[in-house]
Amino acid sequence: MEFDGSGWAEGRIELLPPSEGWSLLSPEPEARIDEHRWAHQARVFFGVELTLVQKKAYPSGATPMADAVEVDVARVSSSSTPRTSSRVLVLTVPLDRAPLVRAAAAAGVRAIGGRGFDALLARARRAWQVREPLLAGDDARAPLVVTAVLAAVLLAPVVPPGEETIFGVKGARERLQRLGW
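Source: prediction; values computed, not measured. (Residues numbered from 1 in each chain as written. Predicted model: local features only at pLDDT ≥ 70, side-chain atom pairs only at ≥ 80, totals over all residues. Heavy atoms only, no water.)

Asker: Break down the pairing of strand S2 (residues 48-52) for me, citing the residues and quoting the values.
Answerer: Every second residue of S2 is oriented toward a common face, the buried set being Val48, Leu50 and Leu52 and the non-buried set Glu49 and Thr51. Examined bridge by bridge, S2 and strand S3 (residues 67-75) share five bridges and lie antiparallel to one another. Each bridged residue has a counterpart across the sheet, and for leucine 50 the counterpart in S3 is valine 73. (Buried < 20%, exposed > 50% of the residue type's maximum accessible area, 1.4 Å probe, protein only. Helix = DSSP H or I, 4+ residues; strand = E, 2+ residues; numbered from the N terminus. Pairing = 2+ DSSP bridges.)

Asker: Tell me about the nonpolar core, residues and numbers included.
Answerer: If you look at the biggest cluster of nonpolar residues, it comprises 35 residues, and the most contacted ones within it are Trp38, Val71 and Val90. Within the residue set of this core, elements represented by two or more residues are strand S1 (21-26), helix H1 (35-46), S2, S3, strand S4 (86-94), strand S5 (126-131), helix H4 (142-154) and helix H5 (169-178). In terms of residues, this core owes the most to one element, H4, which gives eleven residues. Each residue touching tryptophan 38, except ones within four places of it in the same chain, is listed here: Ile33, Leu50, Leu52, Val69, Val71, Val90, Trp128, Val149, Leu150 and Val153. Judged by nonpolar contacts, the second largest core, of 21 residues, contains Leu25, Leu95, Ala105 and Ile112. (Core = buried A, V, L, I, M, F, W, Y, C linked by side-chain atoms within 4.5 Å. Contact = heavy atoms within 4.5 Å.)

Asker: Before we move on, could you go through the side chain of arginine 175 and cite the residues and values that matter?
Answerer: Examined against the element boundaries, arginine 175 turns out to sit in helix H5. When residues no more than four places from it in sequence are discounted, the contact partners of arginine 175 are Trp22, Leu144, Pro160, Glu163, Thr165 and Phe167.

Asker: Lay out H1 with the relevant residues and their values.
Answerer: Along its twelve residues, H1 runs 15 Å from first to last C-alpha, staying within 8% of the 16 Å computed at 1.5 Å per residue. Every buried residue of H1 is accounted for by Glu35, Trp38, Ala39, Gln41, Ala42 and Phe46. Along H1, the residues classed as buried sweep out an arc of 160 degrees about the axis, all on the same side. Summarising the contacts, the buried residues of H1 are in contact with S2, S3, S4, S5, H4 and H5. Backbone nitrogen of histidine 36 and a side-chain oxygen of the N-cap are separated by 3.2 Å at the start of H1; the cap is aspartate 34. Just downstream of H1 lies glycine 47, where phi reads positive at about 65 degrees. (Expected span 1.5 Å × (residues − 1). Arc of directions from axis to C-beta. Polar contact = N/O pair within 3.5 Å; in protein donor to acceptor, adjacent residues only side chain to side chain.)

Asker: Could you give me a rundown of unusual backbone geometry, with the residues and numbers involved?
Answerer: In this structure, proline 133 follows glutamate 132 across a cis peptide bond, with omega equal to -5 degrees. Structurally, the position occupied by proline 133 is in the loop between S5 and H4. In the Ramachandran plot, serine 60 falls in the positive-phi region, its phi being about 60 degrees despite a non-glycine side chain. Here serine 60 shows up in the loop between S2 and S3. Using a relative accessible area of 83% as the deciding quantity, one classes serine 60 as exposed. In the Ramachandran plot, leucine 155 falls in the positive-phi region, its phi being about 50 degrees despite a non-glycine side chain.

Asker: Tell me about the side chain of glutamine 41, residues and numbers included.
Answerer: Structurally, glutamine 41 is set in helix H1. Classification of glutamine 41 as buried rests on a relative accessible area of 17%. Excluding anything up to four places from it in sequence, glutamine 41 contacts Phe46, Val149, Ala152 and Val153.

Asker: Run through H5, naming residues and quoting values.
Answerer: Turning to H5, its buried residues number three or more, namely Gly171, Ala172, Arg175 and Leu176. Looking down the long axis of H5, one finds its buried residues gathered within 140 degrees of arc, a one-sided arrangement. For H5, the exposed residues lying more than 90 degrees away from the buried face are Lys170, Gln177 and Arg178. Taken together, the buried residues of H5 touch S1, H1 and H4. The first or second residue beyond H5 is glycine 180, which carries a positive phi of 85 degrees.

Read these as spatial facts, not as claims about activity.
Okay, structure coming up:
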């Protein structure tokens with residue numbers, strides 16, 4: 001994937017089928033990627049150091065229609081052991097360009113009986129996706145960690161790959177805890 005001088009992805013951005021990545025549905029229509037906000041949420045609430053490989057700039061306040069970014073994550077460690085990071089790819093497109101994600105989210109809402117997620121789905125304007133597998137590193141939990149951070153920052157429900165359900169930050173945190181995070 002190529003990136004321009006502002007760090008925006010060049011070329012057409014396509015999401016994978018929902019079964020191949022963690023999908024999120026955000027009420028915010030913009031594709032703005034705020035590294036400081038993402039990193040703060042990651043550090044404070046998930047014990048993670050998060051950095052963007054492609055630094056993003058938004059000249060004149062403009063944002064791209066669709067974008068991508070590689071994200072490095074490493075668990076914060078108090079020991080002198082060097083931290084190793086894992087890299088994941090995050091993509092975002094307007095929700096109207098992600099009909100399979102919308103359909104998977106609707107199926108997830110039906111599977112859990114709504115529980116307020118129907119209202120969240122109705123307000124969604126943008127799809128985000130954290131791809132599986134890793135681009136680099138070996139912590140298989142990294143995509144879920146980035147997904148949890150994004151769910152918190154974007155106030156976005158999560159559609160997990162290969163499952164017919166939907167959940168929020170709390171569900172993501174519970175899954176991470178079960179995986180030893």
